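Inside the fold
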Amino acid sequence: MTLNILEIAYLIASLTFVIGLKMLSHPESARKGNLIAAVGMLIAVIATITIYQPFDNSKTLNYGLIALGLVVGTIIGTMMAKKVKMTAMPQMVSFFNGMGGACAALIAVIEYQNHNTSASLGFDGEFLVMLLGLIIGSVSFSGSLIAYGKLEGKIKDFVLPMNQVVNMLMLATILGLTVYQMLGNDSTPLFYGLLAISLIYGVLFVMPIGGADMPVVISLLNSFTGVAAAFGGFLYSNKAMLTGGILVGSAGTILTILMCKAMNRSLTNVLLGAFGGNASGGPKGEAGDQTVREISITDTAVLLSYSQQVVIVPGYGLAVAQAQHICHELEKLLEEKGVTVNYAIHPVAGRMPGHMNVLLAEADVPYERLQEMEEINPKLASTDVVVVIGANDVVNPAAKNDSSSPIYGMPILEVDQAKNVIILKRGMSAGYAGIENELFFYPKTRMLFGDAKDSLQKLTSEVKEV
Amino acid sequence: MEQLLNYIGENMEMIYFLILAILLGVEVISNVPAILHTPLMSGANAVHGVVVVGAIIVMLHASPDNYPSLIVGFLAVVMGTLNVVGGFVVTDRMLEMFKKKPKKS
(Lines give C-alpha, C1' and ligand atoms only; values in the text may rest on other atoms or scores of the structure.)
Protein backbone atom coordinates (compact mmCIF):
# COMPACT_ATOMS: atom_id res chain seq x y z
CA MET A 1 0.00 0.00 0.00
CA THR A 2 2.57 2.55 1.11
CA LEU A 3 4.75 1.68 -1.86
CA ASN A 4 1.85 2.55 -4.12
CA ILE A 5 1.65 5.92 -2.44
CA LEU A 6 5.34 6.37 -3.24
CA GLU A 7 4.71 5.54 -6.89
CA ILE A 8 1.81 8.00 -6.99
CA ALA A 9 4.01 10.66 -5.44
CA TYR A 10 6.58 10.05 -8.20
CA LEU A 11 3.84 10.20 -10.80
CA ILE A 12 2.75 13.58 -9.48
CA ALA A 13 6.35 14.79 -9.43
CA SER A 14 6.89 13.65 -13.03
CA LEU A 15 3.72 15.44 -14.09
CA THR A 16 4.78 18.66 -12.41
CA PHE A 17 8.12 18.52 -14.22
CA VAL A 18 6.41 18.21 -17.59
CA ILE A 19 3.81 20.87 -16.84
CA GLY A 20 6.40 23.11 -15.21
CA LEU A 21 8.70 23.01 -18.23
CA LYS A 22 5.77 23.58 -20.54
CA MET A 23 4.69 26.63 -18.58
CA LEU A 24 8.25 27.88 -18.46
CA SER A 25 8.13 28.28 -22.20
CA HIS A 26 5.44 30.99 -22.08
CA PRO A 27 6.20 34.39 -20.61
CA GLU A 28 2.94 34.75 -18.67
CA SER A 29 2.98 31.36 -17.02
CA ALA A 30 6.73 30.93 -16.61
CA ARG A 31 7.02 31.83 -12.97
CA LYS A 32 4.13 29.63 -11.95
CA GLY A 33 5.66 26.78 -13.95
CA ASN A 34 8.87 27.07 -12.02
CA LEU A 35 6.96 26.97 -8.73
CA ILE A 36 4.93 23.95 -9.81
CA ALA A 37 8.07 22.00 -10.67
CA ALA A 38 9.58 23.01 -7.35
CA VAL A 39 6.54 21.71 -5.46
CA GLY A 40 6.75 18.44 -7.40
CA MET A 41 10.39 18.14 -6.41
CA LEU A 42 9.50 18.68 -2.77
CA ILE A 43 6.85 15.96 -2.98
CA ALA A 44 9.34 13.52 -4.52
CA VAL A 45 11.95 14.22 -1.84
CA ILE A 46 9.57 13.97 1.10
CA ALA A 47 7.93 10.83 -0.25
CA THR A 48 11.31 9.19 -0.74
CA ILE A 49 12.44 9.93 2.80
CA THR A 50 9.23 8.89 4.50
CA ILE A 51 7.88 6.02 2.41
CA TYR A 52 10.76 4.46 0.49
CA GLN A 53 11.70 2.30 3.44
CA PRO A 54 9.87 1.51 6.65
CA PHE A 55 11.50 3.49 9.40
CA ASP A 56 14.42 1.60 10.82
CA ASN A 57 15.62 2.51 14.30
CA SER A 58 19.18 1.44 13.65
CA LYS A 59 19.43 3.98 10.85
CA THR A 60 18.89 7.18 12.80
CA LEU A 61 22.36 8.30 11.71
CA ASN A 62 21.36 7.92 8.06
CA TYR A 63 18.20 9.94 8.56
CA GLY A 64 20.10 12.58 10.49
CA LEU A 65 22.68 12.94 7.75
CA ILE A 66 20.00 13.16 5.06
CA ALA A 67 18.21 15.90 6.99
CA LEU A 68 21.46 17.73 7.62
CA GLY A 69 22.46 17.46 3.96
CA LEU A 70 19.12 18.85 2.84
CA VAL A 71 19.33 21.73 5.28
CA VAL A 72 22.94 22.61 4.42
CA GLY A 73 22.25 22.39 0.68
CA THR A 74 19.13 24.52 0.99
CA ILE A 75 20.83 27.23 3.00
CA ILE A 76 23.91 27.48 0.77
CA GLY A 77 21.86 27.19 -2.42
CA THR A 78 19.40 29.89 -1.39
CA MET A 79 22.15 32.22 -0.28
CA MET A 80 24.12 31.83 -3.48
CA ALA A 81 21.05 32.20 -5.67
CA LYS A 82 19.85 35.30 -3.82
CA LYS A 83 23.22 36.99 -3.78
CA VAL A 84 24.31 36.44 -7.35
CA LYS A 85 24.22 39.43 -9.65
CA MET A 86 22.02 39.18 -12.72
CA THR A 87 25.11 39.54 -14.89
CA ALA A 88 26.67 36.46 -13.32
CA MET A 89 23.62 34.31 -14.00
CA PRO A 90 25.16 32.03 -16.63
CA GLN A 91 28.02 30.92 -14.43
CA MET A 92 25.63 30.41 -11.53
CA VAL A 93 23.54 28.04 -13.64
CA SER A 94 26.74 26.31 -14.67
CA PHE A 95 27.80 25.91 -11.05
CA PHE A 96 24.48 24.40 -9.94
CA ASN A 97 24.60 22.14 -12.97
CA GLY A 98 28.03 20.91 -11.91
CA MET A 99 26.66 20.09 -8.46
CA GLY A 100 23.96 17.92 -10.04
CA GLY A 101 26.58 16.13 -12.11
CA ALA A 102 28.71 15.50 -9.04
CA CYS A 103 25.70 14.12 -7.21
CA ALA A 104 25.05 11.64 -10.02
CA ALA A 105 28.69 10.56 -10.10
CA LEU A 106 28.84 10.09 -6.33
CA ILE A 107 25.74 7.89 -6.43
CA ALA A 108 27.52 5.69 -8.94
CA VAL A 109 30.60 5.53 -6.70
CA ILE A 110 28.59 4.33 -3.70
CA GLU A 111 26.52 1.89 -5.72
CA TYR A 112 29.75 0.45 -7.06
CA GLN A 113 30.81 -0.41 -3.51
CA ASN A 114 27.53 -2.25 -2.96
CA HIS A 115 27.51 -3.86 -6.34
CA ASN A 116 28.57 -7.47 -6.35
CA THR A 117 30.02 -8.42 -9.66
CA SER A 118 28.57 -11.88 -9.53
CA ALA A 119 27.74 -11.85 -13.20
CA SER A 120 31.32 -12.36 -14.25
CA LEU A 121 30.39 -13.38 -17.75
CA GLY A 122 27.70 -11.96 -19.94
CA PHE A 123 25.89 -8.69 -19.82
CA ASP A 124 25.34 -6.83 -16.58
CA GLY A 125 22.96 -4.00 -17.41
CA GLU A 126 22.98 -2.52 -13.95
CA PHE A 127 26.74 -2.19 -14.06
CA LEU A 128 26.64 -0.47 -17.45
CA VAL A 129 24.05 2.04 -16.26
CA MET A 130 26.24 2.71 -13.25
CA LEU A 131 29.36 3.27 -15.34
CA LEU A 132 27.52 5.59 -17.73
CA GLY A 133 26.13 7.60 -14.82
CA LEU A 134 29.65 7.88 -13.43
CA ILE A 135 31.19 9.02 -16.71
CA ILE A 136 28.55 11.53 -17.72
CA GLY A 137 28.12 12.87 -14.21
CA SER A 138 31.81 13.52 -13.73
CA VAL A 139 32.33 15.04 -17.19
CA SER A 140 29.42 17.34 -16.46
CA PHE A 141 30.83 18.21 -13.03
CA SER A 142 34.37 19.13 -14.06
CA GLY A 143 33.22 20.71 -17.33
CA SER A 144 30.67 22.91 -15.57
CA LEU A 145 33.18 24.08 -13.01
CA ILE A 146 35.62 25.03 -15.77
CA ALA A 147 32.83 26.89 -17.60
CA TYR A 148 32.03 28.63 -14.31
CA GLY A 149 35.67 29.57 -13.79
CA LYS A 150 36.08 30.85 -17.33
CA LEU A 151 32.99 33.04 -17.18
CA GLU A 152 34.05 34.37 -13.78
CA GLY A 153 37.40 35.20 -15.33
CA LYS A 154 39.18 32.99 -12.83
CA ILE A 155 40.42 30.57 -15.46
CA LYS A 156 42.24 31.86 -18.50
CA ASP A 157 41.87 30.35 -21.93
CA PHE A 158 44.35 27.58 -22.22
CA VAL A 159 44.82 25.28 -25.16
CA LEU A 160 46.94 22.17 -24.98
CA PRO A 161 49.01 21.45 -28.03
CA MET A 162 46.93 19.08 -30.13
CA ASN A 163 44.08 19.49 -27.71
CA GLN A 164 41.54 17.95 -30.05
CA VAL A 165 43.71 14.90 -30.64
CA VAL A 166 44.22 14.47 -26.89
CA ASN A 167 40.47 14.79 -26.37
CA MET A 168 39.71 12.16 -28.98
CA LEU A 169 42.23 9.81 -27.41
CA MET A 170 40.72 10.35 -23.97
CA LEU A 171 37.24 9.72 -25.27
CA ALA A 172 38.47 6.53 -26.90
CA THR A 173 40.10 5.48 -23.62
CA ILE A 174 36.87 6.09 -21.72
CA LEU A 175 34.91 4.00 -24.19
CA GLY A 176 37.57 1.30 -24.22
CA LEU A 177 37.72 1.10 -20.44
CA THR A 178 33.93 0.90 -20.22
CA VAL A 179 33.78 -1.96 -22.70
CA TYR A 180 36.73 -3.70 -21.03
CA GLN A 181 35.05 -3.51 -17.64
CA MET A 182 31.77 -4.67 -19.07
CA LEU A 183 33.49 -7.75 -20.43
CA GLY A 184 34.05 -8.96 -16.92
CA ASN A 185 37.43 -7.38 -16.18
CA ASP A 186 36.03 -5.28 -13.42
CA SER A 187 38.38 -4.03 -10.74
CA THR A 188 38.33 -1.17 -8.28
CA PRO A 189 41.43 0.61 -9.67
CA LEU A 190 39.92 0.50 -13.15
CA PHE A 191 36.68 1.98 -11.86
CA TYR A 192 38.47 4.89 -10.20
CA GLY A 193 40.71 5.26 -13.22
CA LEU A 194 37.58 5.73 -15.29
CA LEU A 195 36.36 8.33 -12.82
CA ALA A 196 39.67 10.22 -13.01
CA ILE A 197 39.83 10.17 -16.81
CA SER A 198 36.23 11.34 -17.05
CA LEU A 199 36.99 14.27 -14.75
CA ILE A 200 40.05 15.25 -16.77
CA TYR A 201 38.12 14.86 -19.99
CA GLY A 202 35.51 17.32 -18.71
CA VAL A 203 38.25 19.86 -18.10
CA LEU A 204 39.92 19.41 -21.47
CA PHE A 205 36.58 19.36 -23.24
CA VAL A 206 35.59 22.82 -22.06
CA MET A 207 39.06 24.41 -21.82
CA PRO A 208 39.67 25.26 -25.49
CA ILE A 209 36.16 26.56 -26.14
CA GLY A 210 36.01 30.31 -26.52
CA GLY A 211 34.02 32.47 -24.15
CA ALA A 212 31.51 33.45 -26.82
CA ASP A 213 30.52 29.81 -27.17
CA MET A 214 30.20 29.18 -23.44
CA PRO A 215 26.38 29.37 -23.38
CA VAL A 216 26.21 26.52 -25.85
CA VAL A 217 28.55 24.45 -23.69
CA ILE A 218 26.62 25.17 -20.50
CA SER A 219 23.41 24.16 -22.21
CA LEU A 220 25.03 20.97 -23.46
CA LEU A 221 26.43 20.10 -20.02
CA ASN A 222 22.98 20.83 -18.61
CA SER A 223 21.52 18.12 -20.80
CA PHE A 224 24.44 15.81 -19.85
CA THR A 225 23.51 16.11 -16.19
CA GLY A 226 19.93 15.38 -17.12
CA VAL A 227 21.03 12.16 -18.79
CA ALA A 228 23.21 11.25 -15.79
CA ALA A 229 20.20 11.75 -13.50
CA ALA A 230 18.13 9.55 -15.80
CA PHE A 231 20.71 6.75 -15.51
CA GLY A 232 20.27 7.04 -11.77
CA GLY A 233 16.55 6.64 -12.33
CA PHE A 234 17.20 3.53 -14.37
CA LEU A 235 19.37 2.11 -11.64
CA TYR A 236 16.61 2.43 -9.04
CA SER A 237 13.66 2.04 -11.42
CA ASN A 238 12.73 5.45 -10.14
CA LYS A 239 10.29 7.11 -12.51
CA ALA A 240 10.56 10.62 -11.10
CA MET A 241 14.31 10.62 -11.66
CA LEU A 242 13.89 9.10 -15.09
CA THR A 243 11.30 11.62 -16.31
CA GLY A 244 13.05 14.60 -14.78
CA GLY A 245 16.44 13.57 -16.13
CA ILE A 246 15.35 12.63 -19.62
CA LEU A 247 13.13 15.67 -20.01
CA VAL A 248 16.08 17.89 -19.24
CA GLY A 249 18.32 15.74 -21.39
CA SER A 250 16.20 16.15 -24.49
CA ALA A 251 15.08 19.70 -23.73
CA GLY A 252 18.67 20.71 -23.10
CA THR A 253 19.75 19.20 -26.39
CA ILE A 254 17.05 21.11 -28.27
CA LEU A 255 18.03 24.30 -26.51
CA THR A 256 21.66 23.70 -27.43
CA ILE A 257 20.73 23.25 -31.06
CA LEU A 258 18.57 26.39 -30.99
CA MET A 259 21.55 28.34 -29.67
CA CYS A 260 23.85 26.98 -32.35
CA LYS A 261 21.26 27.91 -34.96
CA ALA A 262 21.18 31.44 -33.61
CA MET A 263 24.88 31.65 -34.37
CA ASN A 264 24.48 29.80 -37.65
CA ARG A 265 27.01 27.19 -36.66
CA SER A 266 26.89 23.49 -36.16
CA LEU A 267 27.44 21.92 -32.78
CA THR A 268 30.58 20.14 -33.97
CA ASN A 269 31.92 23.43 -35.17
CA VAL A 270 31.38 24.93 -31.73
CA LEU A 271 32.86 21.98 -29.86
CA LEU A 272 35.86 21.43 -32.08
CA GLY A 273 36.41 25.11 -31.76
CA ALA A 274 36.48 27.48 -34.68
CA PHE A 275 37.39 30.03 -32.05
CA GLY A 276 39.54 27.63 -30.14
CA GLY A 277 41.52 26.81 -33.24
CA ASN A 278 42.78 30.29 -33.90
CA ALA A 279 42.23 31.86 -30.51
CA SER A 280 45.85 32.87 -30.31
CA GLY A 281 45.60 34.55 -33.71
CA GLY A 282 43.87 37.52 -32.16
CA PRO A 283 42.65 40.50 -34.12
CA LYS A 284 43.47 40.65 -37.75
CA GLY A 285 45.95 43.34 -38.62
CA GLU A 286 44.43 44.92 -41.68
CA ALA A 287 42.68 47.67 -39.77
CA GLY A 288 45.92 49.26 -38.69
CA ASP A 289 45.94 52.37 -40.84
CA GLN A 290 42.25 53.14 -40.65
CA THR A 291 40.98 55.78 -38.31
CA VAL A 292 37.89 55.94 -36.21
CA ARG A 293 35.87 59.10 -35.66
CA GLU A 294 34.91 60.09 -32.17
CA ILE A 295 31.81 61.97 -31.15
CA SER A 296 31.27 64.15 -28.09
CA ILE A 297 28.55 63.65 -25.51
CA THR A 298 26.85 66.89 -26.49
CA ASP A 299 26.75 66.03 -30.17
CA THR A 300 25.35 62.62 -29.36
CA ALA A 301 22.66 64.17 -27.19
CA VAL A 302 21.62 66.55 -29.94
CA LEU A 303 21.65 63.84 -32.58
CA LEU A 304 19.50 61.56 -30.46
CA SER A 305 17.03 64.24 -29.44
CA TYR A 306 16.28 65.24 -33.01
CA SER A 307 15.89 61.73 -34.33
CA GLN A 308 12.65 59.97 -35.15
CA GLN A 309 13.75 56.40 -34.73
CA VAL A 310 16.45 55.25 -32.37
CA VAL A 311 17.48 51.65 -31.85
CA ILE A 312 19.62 50.60 -28.92
CA VAL A 313 21.77 47.49 -29.29
CA PRO A 314 22.73 46.32 -25.83
CA GLY A 315 25.60 43.90 -25.35
CA TYR A 316 27.46 42.30 -22.54
CA GLY A 317 29.40 45.54 -21.99
CA LEU A 318 26.17 47.17 -20.87
CA ALA A 319 25.64 44.44 -18.34
CA VAL A 320 29.19 44.58 -17.03
CA ALA A 321 28.93 48.33 -16.51
CA GLN A 322 25.55 47.78 -14.75
CA ALA A 323 24.21 50.42 -17.09
CA GLN A 324 20.79 48.92 -17.81
CA HIS A 325 18.94 51.27 -15.43
CA ILE A 326 20.49 54.45 -16.74
CA CYS A 327 19.93 53.17 -20.25
CA HIS A 328 16.24 52.82 -19.51
CA GLU A 329 16.21 56.36 -18.16
CA LEU A 330 17.72 57.70 -21.35
CA GLU A 331 15.15 55.78 -23.34
CA LYS A 332 12.27 57.24 -21.30
CA LEU A 333 13.68 60.73 -21.72
CA LEU A 334 13.91 60.34 -25.47
CA GLU A 335 10.40 58.93 -25.62
CA GLU A 336 9.14 62.06 -23.86
CA LYS A 337 10.73 64.08 -26.62
CA GLY A 338 8.80 62.07 -29.18
CA VAL A 339 11.61 59.81 -30.28
CA THR A 340 10.71 56.17 -30.84
CA VAL A 341 13.20 53.99 -29.04
CA ASN A 342 13.49 50.24 -29.44
CA TYR A 343 15.97 47.67 -28.30
CA ALA A 344 17.44 45.22 -30.76
CA ILE A 345 18.19 41.94 -29.08
CA HIS A 346 20.51 39.56 -30.83
CA PRO A 347 19.76 35.92 -29.97
CA VAL A 348 23.13 35.53 -28.29
CA ALA A 349 23.40 39.00 -26.79
CA GLY A 350 24.96 38.81 -23.36
CA ARG A 351 26.36 35.47 -22.45
CA MET A 352 23.27 33.35 -22.92
CA PRO A 353 20.23 33.53 -25.13
CA GLY A 354 17.69 35.65 -23.32
CA HIS A 355 20.27 36.94 -20.88
CA MET A 356 19.91 40.50 -22.15
CA ASN A 357 16.13 40.35 -21.79
CA VAL A 358 16.51 39.37 -18.17
CA LEU A 359 18.89 42.25 -17.55
CA LEU A 360 16.68 44.82 -19.27
CA ALA A 361 13.62 43.43 -17.54
CA GLU A 362 15.44 44.04 -14.28
CA ALA A 363 15.64 47.70 -15.27
CA ASP A 364 11.88 47.82 -16.04
CA VAL A 365 12.27 48.23 -19.78
CA PRO A 366 8.82 47.50 -21.23
CA TYR A 367 8.55 44.07 -22.72
CA GLU A 368 7.36 45.13 -26.16
CA ARG A 369 10.32 47.45 -26.72
CA LEU A 370 12.62 44.44 -26.87
CA GLN A 371 12.68 43.33 -30.47
CA GLU A 372 14.29 40.22 -31.77
CA MET A 373 16.71 40.21 -34.64
CA GLU A 374 14.33 39.08 -37.39
CA GLU A 375 11.85 41.68 -36.29
CA ILE A 376 14.19 44.65 -36.16
CA ASN A 377 16.56 44.02 -39.06
CA PRO A 378 14.12 45.18 -41.79
CA LYS A 379 13.43 48.33 -39.78
CA LEU A 380 17.06 49.31 -39.40
CA ALA A 381 17.29 51.01 -42.80
CA SER A 382 14.70 53.57 -41.68
CA THR A 383 16.38 54.09 -38.34
CA ASP A 384 18.10 57.41 -37.73
CA VAL A 385 20.52 56.41 -35.03
CA VAL A 386 21.64 53.06 -33.76
CA VAL A 387 23.33 53.17 -30.38
CA VAL A 388 25.52 50.15 -29.77
CA ILE A 389 26.30 49.76 -26.09
CA GLY A 390 29.00 47.30 -25.25
CA ALA A 391 28.16 44.95 -28.09
CA ASN A 392 30.61 44.03 -30.78
CA ASP A 393 30.51 40.65 -32.48
CA VAL A 394 26.73 40.70 -32.97
CA VAL A 395 26.99 43.82 -35.16
CA ASN A 396 30.19 42.86 -36.97
CA PRO A 397 29.64 43.04 -40.75
CA ALA A 398 32.50 40.58 -41.18
CA ALA A 399 29.92 37.89 -40.43
CA LYS A 400 28.37 38.77 -43.80
CA ASN A 401 31.31 39.95 -45.89
CA ASP A 402 34.43 38.15 -44.81
CA SER A 403 34.39 34.42 -45.42
CA SER A 404 37.72 34.01 -43.60
CA SER A 405 36.29 35.42 -40.37
CA PRO A 406 35.59 32.90 -37.61
CA ILE A 407 32.12 34.36 -37.17
CA TYR A 408 31.35 34.25 -40.90
CA GLY A 409 27.76 33.15 -41.42
CA MET A 410 26.47 34.18 -38.02
CA PRO A 411 23.31 36.24 -38.45
CA ILE A 412 23.94 39.77 -37.21
CA LEU A 413 22.00 42.89 -36.45
CA GLU A 414 22.50 44.85 -39.65
CA VAL A 415 23.15 48.18 -37.99
CA ASP A 416 25.27 49.35 -40.90
CA GLN A 417 21.94 49.87 -42.72
CA ALA A 418 20.99 52.69 -40.36
CA LYS A 419 21.75 56.35 -41.09
CA ASN A 420 24.04 56.82 -38.12
CA VAL A 421 25.77 54.44 -35.79
CA ILE A 422 27.11 55.46 -32.42
CA ILE A 423 29.23 52.97 -30.57
CA LEU A 424 29.76 53.22 -26.85
CA LYS A 425 32.89 51.35 -26.02
CA ARG A 426 35.61 51.40 -23.47
CA GLY A 427 38.49 51.24 -25.91
CA MET A 428 39.44 49.83 -29.24
CA SER A 429 39.85 46.27 -28.01
CA ALA A 430 38.36 43.47 -30.06
CA GLY A 431 35.15 41.74 -29.03
CA TYR A 432 34.70 38.50 -27.19
CA ALA A 433 35.46 36.44 -30.24
CA GLY A 434 38.76 38.29 -30.50
CA ILE A 435 38.24 39.70 -33.96
CA GLU A 436 38.44 43.18 -35.42
CA ASN A 437 35.19 44.97 -36.26
CA GLU A 438 35.26 46.92 -39.53
CA LEU A 439 32.02 48.63 -38.56
CA PHE A 440 34.05 50.94 -36.33
CA PHE A 441 35.80 52.36 -39.38
CA TYR A 442 32.70 52.99 -41.50
CA PRO A 443 32.08 56.65 -42.43
CA LYS A 444 28.69 56.66 -40.71
CA THR A 445 30.07 55.32 -37.46
CA ARG A 446 31.03 57.50 -34.52
CA MET A 447 32.73 56.22 -31.40
CA LEU A 448 31.92 57.41 -27.91
CA PHE A 449 34.69 56.07 -25.73
CA GLY A 450 34.32 55.53 -22.01
CA ASP A 451 32.58 53.40 -19.43
CA ALA A 452 29.07 52.70 -20.65
CA LYS A 453 27.37 53.73 -17.43
CA ASP A 454 29.38 56.92 -17.13
CA SER A 455 28.75 57.89 -20.76
CA LEU A 456 25.04 57.16 -20.50
CA GLN A 457 24.76 59.21 -17.32
CA LYS A 458 26.37 62.22 -18.97
CA LEU A 459 24.29 61.64 -22.06
CA THR A 460 21.09 61.59 -20.03
CA SER A 461 21.82 64.90 -18.37
CA GLU A 462 22.78 66.44 -21.71
CA VAL A 463 19.57 65.21 -23.34
CA LYS A 464 17.60 66.81 -20.51
CA GLU A 465 19.04 70.18 -21.48
CA VAL A 466 18.58 69.95 -25.22
CA MET B 1 23.75 -11.82 -25.49
CA GLU B 2 20.97 -13.65 -23.76
CA GLN B 3 21.52 -11.61 -20.63
CA LEU B 4 21.41 -8.42 -22.65
CA LEU B 5 18.03 -9.42 -24.04
CA ASN B 6 16.89 -10.41 -20.58
CA TYR B 7 17.94 -7.07 -19.21
CA ILE B 8 16.02 -5.25 -21.91
CA GLY B 9 13.00 -7.48 -21.35
CA GLU B 10 13.00 -6.89 -17.62
CA ASN B 11 13.22 -3.15 -18.08
CA MET B 12 10.81 -2.84 -20.97
CA GLU B 13 8.53 -0.54 -19.04
CA MET B 14 11.39 1.82 -18.22
CA ILE B 15 12.55 1.79 -21.83
CA TYR B 16 9.09 2.78 -23.05
CA PHE B 17 9.15 5.50 -20.49
CA LEU B 18 12.55 6.66 -21.64
CA ILE B 19 11.56 6.96 -25.27
CA LEU B 20 8.29 8.74 -24.54
CA ALA B 21 10.04 11.13 -22.17
CA ILE B 22 12.61 12.02 -24.83
CA LEU B 23 9.87 12.85 -27.33
CA LEU B 24 7.94 14.75 -24.70
CA GLY B 25 11.01 16.83 -23.83
CA VAL B 26 11.49 17.81 -27.45
CA GLU B 27 7.82 18.62 -27.83
CA VAL B 28 7.60 20.71 -24.67
CA ILE B 29 10.61 22.82 -25.49
CA SER B 30 10.15 23.60 -29.16
CA ASN B 31 8.62 26.98 -29.95
CA VAL B 32 10.14 28.75 -27.00
CA PRO B 33 10.74 32.46 -27.60
CA ALA B 34 14.44 33.31 -27.38
CA ILE B 35 13.81 35.65 -24.46
CA LEU B 36 12.91 32.70 -22.28
CA HIS B 37 15.94 30.59 -23.11
CA THR B 38 17.93 31.60 -20.07
CA PRO B 39 15.14 31.09 -17.51
CA LEU B 40 14.17 27.87 -19.24
CA MET B 41 17.71 26.54 -19.12
CA SER B 42 17.89 27.50 -15.49
CA GLY B 43 14.54 25.86 -14.74
CA ALA B 44 15.55 22.69 -16.55
CA ASN B 45 18.76 22.78 -14.57
CA ALA B 46 16.75 22.74 -11.35
CA VAL B 47 14.59 19.87 -12.57
CA HIS B 48 17.52 17.53 -13.14
CA GLY B 49 18.33 18.17 -9.51
CA VAL B 50 15.83 15.33 -8.99
CA VAL B 51 19.01 13.27 -8.86
CA VAL B 52 18.98 14.18 -5.17
CA VAL B 53 16.24 11.55 -4.78
CA GLY B 54 18.85 9.01 -5.84
CA ALA B 55 21.26 10.35 -3.25
CA ILE B 56 18.60 9.95 -0.57
CA ILE B 57 17.91 6.38 -1.67
CA VAL B 58 21.62 5.61 -1.47
CA MET B 59 21.69 6.98 2.06
CA LEU B 60 18.66 4.90 3.04
CA HIS B 61 20.30 1.75 1.69
CA ALA B 62 23.63 2.33 3.38
CA SER B 63 24.22 0.42 6.58
CA PRO B 64 24.70 2.78 9.55
CA ASP B 65 28.29 1.68 10.18
CA ASN B 66 29.45 2.08 6.59
CA TYR B 67 31.04 5.47 7.18
CA PRO B 68 32.68 5.95 3.76
CA SER B 69 29.32 5.43 2.06
CA LEU B 70 27.58 7.70 4.54
CA ILE B 71 30.10 10.49 4.02
CA VAL B 72 30.02 10.29 0.23
CA GLY B 73 26.24 9.98 0.32
CA PHE B 74 26.00 13.01 2.56
CA LEU B 75 28.07 15.02 0.07
CA ALA B 76 25.80 13.81 -2.72
CA VAL B 77 22.71 14.95 -0.83
CA VAL B 78 24.24 18.38 -0.19
CA MET B 79 25.24 18.83 -3.82
CA GLY B 80 21.94 17.57 -5.17
CA THR B 81 20.04 19.91 -2.87
CA LEU B 82 22.25 22.79 -4.00
CA ASN B 83 21.27 21.96 -7.56
CA VAL B 84 17.56 21.84 -6.77
CA VAL B 85 17.20 24.77 -4.42
CA GLY B 86 19.74 27.04 -6.12
CA GLY B 87 18.23 26.27 -9.49
CA PHE B 88 14.66 27.03 -8.55
CA VAL B 89 15.51 30.17 -6.58
CA VAL B 90 17.67 31.60 -9.38
CA THR B 91 14.97 30.87 -11.95
CA ASP B 92 12.36 32.50 -9.77
CA ARG B 93 14.52 35.58 -9.39
CA MET B 94 14.89 35.89 -13.15
CA LEU B 95 11.20 35.42 -13.79
CA GLU B 96 10.20 37.81 -11.07
CA MET B 97 11.68 40.54 -13.23
CA PHE B 98 9.61 39.59 -16.21
CA LYS B 99 6.52 39.63 -14.06
CA LYS B 100 6.36 43.30 -13.22
CA LYS B 101 6.48 44.40 -16.80
CA PRO B 102 3.04 43.95 -18.36
CA LYS B 103 1.27 45.72 -15.48
CA LYS B 104 3.41 48.83 -15.67
CA SER B 105 3.33 49.50 -19.36
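Residues numbered from 1 in each chain as written. Chains lettered and ligands numbered in written order. Predicted model: local features only at pLDDT ≥ 70, side-chain atom pairs only at ≥ 80, totals over all residues.

Another aspect to go through is the overall build of chain A. Per the secondary structure count, chain A includes 18 helices and 6 strands. Considering chain A as a whole, with its 466 residues, one finds that 51% of them fall into the buried category. In chain A, once contacts between residues fewer than 6 apart in sequence are set aside, the share between residues at least 24 apart is 79%. (Helix = DSSP H or I, 4+ residues; strand = E, 2+ residues; numbered from the N terminus. Buried ≥ 20, exposed ≤ 12 C-beta atoms within 10 Å, placed from the backbone. Contact = placed C-beta atoms within 7 Å.)

What follows concerns unusual backbone geometry. Residue and element names in this part refer to chain A. Residues other than glycine seldom take positive phi values, yet Ser237 does so here, at roughly 50°. Of the residues examined, Ser237 has 13 C-beta atoms within 10 Å and is grouped as partly exposed. Positive phi is not limited to glycine here, since Asp364 has a value of about 70°. Take Asp364: it is sitting in the loop between α15 (355-362) and β3 (370-372).

Residue and element names in this part refer to chain B. What UniProt calls "transmembrane region" (unreviewed entry) maps, in this numbering, to residues 14-36, 43-63 and 69-91. The distance separating the terminal C-alpha atoms of residues 14-36 is 31 Å; by composition the span is 70% helix and 0% strand. Between the end C-alpha atoms of residues 69-91 there is a gap of 32 Å, over a span that is 100% helix and 0% strand. (UniProt positions renumbered as here; feature names shortened; annotations may be inferred.)

Let us look at the domain arrangement of chain B. Domains assigned within chain B are domain 1 (1-31) and domain 2 (34-104). A separation of 24 Å is found between the C-alpha centroids of domain 1 of chain B and domain 2 of chain B. (Domains from an automatic or database assignment.)

By domain assignment, chain A separates into domain 1 (88-280) and domain 2 (285-465). Distance from the C-alpha centre of domain 1 of chain A to the C-alpha centre of domain 2 of chain A: 37 Å.

Taken across its 5 residues, strand β4 (residues 385-389) of chain A has 5 buried, putting it largely inside the fold. Burial along β4(A) is two-sided: the face carrying A:Val385, A:Val387 and A:Ile389 and the face carrying A:Val386 and A:Val388 are both buried.

Attention shifts here to the interface of chain A and chain B. Reports often express the size of an interface as the amount of accessible area lost when the parts come together. Across the boundary between the two partners, chain A contributes 98 residues, which contact 80 residues of chain B. Among the secondary structure elements, those contributing two or more residues to the side of chain A that touches chain B are α1 (2-24), α2 (30-51), α3 (60-83), α4 (89-114), α8 (214-236), α9 (239-262), α15 and β3 of chain A. Residue contributions to the side of chain A that touches chain B peak at 17 residues, all from α4(A). Residue composition of the side of chain A that touches chain B, grouped by class: 55 nonpolar, 34 polar and 9 charged. (Nonpolar A, V, L, I, M, F, W, Y, C, P; charged D, E, K, R; others polar.)

Turning next to the environment of A:Ile412. In this structure, A:Ile412 sits in the loop between α17 (398-401) and β5 (420-425). With 12 residues separating them in the primary sequence, A:Ile412 and A:Lys400 have C-alpha atoms 8.0 Å apart.

Residues and elements named next belong to chain A. With respect to the helices and strands, the residue Tyr180 is situated in helix α6 (residues 163-182). Residue Tyr180 is classed as partly exposed on the basis of its 13 C-beta neighbours within 10 Å. Tyr180 sits 10 residues away from Leu190 along the chain, and the two C-alpha atoms are 9.5 Å apart.

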